Structure formats: C-alpha cells, structure tokens
Amino acid sequence: MYPTDLKFTNIFRKDEDNVGDWYSTPTKYFHLPGESADIWQMDFEFMPQHENVIFGGGGLIGQMRPMGHVITNLKNENKRLYAWGLGEHIYISMDEQTQFIPPMDISYPFYIRKFDLLGIRDYYPNLFTTIPWSRWVPCASCMHEAFDKEYEVKHDVAFFTHKQLPMGLIHMMPKQTWDYPHMWNDNNQTFEEVIQFLGSADVICTNSYHGAYWATLLGKVVVAFPWSSKFYGLKHRPLLCPAPDWLNALDREQKQYKSALEECREANVEFHKELINHILNVPISFTVTT
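Computed from a predicted structure; not experimentally measured. (Residues numbered from 1 in each chain as written. Predicted model: local features only at pLDDT ≥ 70, side-chain atom pairs only at ≥ 80, totals over all residues. Heavy atoms only, no water.)

J.: When you look at the sheet that holds strand 10 (residues 201-206) in this model, what are you seeing that I'm missing?
T.: Whether parallel or antiparallel, the strands of a sheet pair through hydrogen bonds between backbone atoms. Taken together, the five strands give an open sheet; going across it, the order is 9-8-10-11-12, and neighbouring strands pair in parallel fashion. The open sheet is flanked by strand 9 (182-184) and strand 12 (239-240), the only strands paired with a single partner. Examined bridge by bridge, strand 10 and strand 11 (residues 221-224) share four bridges and lie parallel to one another. By the bridge assignment, Thr206 is partnered in strand 11 with Ala224. Relative to strand 8 (residues 155-161), helix 4 (residues 191-198) is tilted by about 140 degrees, and along the sheet it contacts strand 8, strand 9 and strand 10. On the sheet, helix 5 (residues 209-217) packs against strand 8, strand 10 and strand 11 and is oriented at approximately 170 degrees with respect to strand 11. (Pairing = 2+ DSSP bridges. Helix = DSSP H or I, 4+ residues; strand = E, 2+ residues; numbered from the N terminus. Contact = heavy atoms within 4.5 Å. Axes fitted to C-alpha atoms, helices over the stretch in contact; angles between N-to-C directions.)

This is the structure we're talking about:
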C-alpha cells in the first residue's frame, strides 16, 4: 500500500456521452484518488490541486488540445507528470466521402519528453527505444469486468459506429452493410451494453477506435475504417481499409488476438506499480519494450 494522503489530478476527455472517452481513465480501475479535469474545458493557465498529474487515457495528443502549453506550465511549477494510455490523434481525414486516411510516419510533439513516465497506448517500438522512460500502456478500459463475461454469438457481422462519424455519410457502401446489426456510440448505451453488442458477432466492422480495441479484446475479427492516424498505433492491428471495401477485406487473413486481453491488462497493472514506485522513490529499472 501507499500513503493515504497521496492524491492525483487526472486529465482526460470527460465526455459522458462517449463511452470510449468516459471509460478510458485509469481512475475507474485503480486506486488513484483525487480530482479530475476535462482537457477540452481547460485553458492554458490550468493549475491542478495535486503534485501528481495523470494525463489520459484517450487520444489527447492531437487536434485542438492545449497540451503543449499546459504541460510546460505544469513542469515549470514542478508538477510530476504521468501519461497513462495516452494516444496520438494528430492526422485526420477531411474527406467525409471516404473517411479514410492511409498509414503515415508519426512525429510526436516535443512535450511527450516532459513526462516523468510516458505510458502510451500507441505501439511504435522505436519510440520506446528513443525515450527509455516510455512504455506501451493500452487504454485502461481493458480492466473493466465486462470483458470477463461470455457473450452469445448471434450474428456473422455487426457494425459499431463512432457517434460523430455515422456510416451514413460514407458513399458506396456495399448494400449488404445495412442488413447487419448496427450500434452507434452515444449516451443511449451503457459500457456493458456496448461490450455485449460487440460480443454478439464473429466479425465487428467499426470506425470507432475503442470499438476496434474492445472487439479485439473480445477475440473478434475486426475490420476498422481508419479516418485518423490513431488507428495505426493499435498493437493488435485489425484489418484496415476504406469503409466501402469491408467485404473484400474479409478475404484477407483474418486475425484474432486471443491473448490481447491478458497482455493489455498486464501492461496496465505493471504500469500502476511502476508509477507508484516512481512517486515513492522506490528504485526501479527501466526496461525497453520490444
């Protein structure tokens, strides 16, 4: 155990209408008492109550987030900064007809080096070599007990859609698309209902990052439509294609990652231990993730 007066400020996207954002914070699964703050409601001068600040989870490295200014200010005030399940969301497709972005080289901003420990959900091994205090730490939502249940498979294929990027915007989708069950990621479903839906099909097609991640944890074949560069950082990579090509994508090798849930949980548990040891100045040795 660690001191009861140890407190944290957790900064993430506090959007109760988006289950991916809302359940990405590690404070829901680990004992990290304190306050929380919404990255989208934050001005450049934000100053947390507590010395230890956790950024994440979620794709906070990217569009319209005041990360650079806030992190620089906090370091100037000698705050301890930790990233937990932080991900990049730097490049997005502006073409609403296809909502597709090809793979590209990712260049992270300067401020990721300012973290005392960098637990990042993107799996780029070169990053872990370049920044020795960085770790692969996938979204903490993998710790949710909903993944410990068995779900009846009722469908061959199901579609899970990002709430702000409905499939209806995408032209030229195969007509079979609309014959399969669909769920939209909005505030009408609980986390448990979303996981039950994802568990109900052998194949999940999705343009939701967390939809792809959660379906992978459930051992599903996943076809994902990458409208943002963040999809390419998934360690357990799904079949990636433009949305109209989803049927053809199923002709490729269909991967199921049966150990993904165990791997992701282990990475989170170990990072929690390392973070607490770091704060309490317990000697630790850095290991490079490969």
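J.: Hey, could you run me through helix 5 in this one?
T.: Along helix 5, nine of the nine residues are buried, which leaves the element largely enclosed by surrounding structure. Along helix 5, the residues that are buried comprise Tyr209, His210, Gly211, Ala212, Tyr213, Trp214, Ala215, Thr216 and Leu217. For helix 5, the secondary structure elements touched by its buried residues are helix 1 (19-22), strand 8, helix 4, strand 10, strand 11 and helix 7 (260-279). Directly after helix 5, the chain includes Gly219, whose backbone phi takes a positive value near 80 degrees. (Buried < 20%, exposed > 50% of the residue type's maximum accessible area, 1.4 Å probe, protein only.)

J.: Honestly, the packing of aromatic side chains in this entry has me stumped. Any pointers?
T.: Two measures describe an aromatic ring pair: the distance that separates the ring centres and the angle between the ring planes. Following the criterion strictly, the structure yields 15 aromatic pairs and no others. Their ring planes at 35 degrees and their centres at 6.4 Å tell us that Phe159 and Tyr180 sit as a pair that is tilted. Here Phe159, found in strand 8, pairs with Tyr180, found in the loop between strand 8 and strand 9; they are 21 residues apart in sequence, far enough to count as distant. Looking at Phe159, the relative accessible area reads 0%, which means it is buried. (Phe/Tyr/Trp six-rings, centres within 6.5 Å; stacked < 30°, edge-to-face > 60°.)

J.: Whenever I open this one, the nonpolar core confuses me. Can you help?
T.: Nonpolar side chains in soluble globular proteins tend to be buried together. The biggest cluster of nonpolar side chains holds 79 residues, and the ones touching the most others in it are Phe55, Trp84, Ile195, Leu198, Trp214, Leu217 and Leu275. Among the elements that take part in this core, helix 7 stands out by supplying eight residues, more than any other. Here Leu217 is in contact with Cys142, Phe147, Ala260, Leu261 and Cys264, once residues within four sequence places are set aside. By size, the runner-up hydrophobic cluster in this structure holds 14 residues, among which are Val157, Cys241, Trp246 and Ala249. (Core = buried A, V, L, I, M, F, W, Y, C linked by side-chain atoms within 4.5 Å.)

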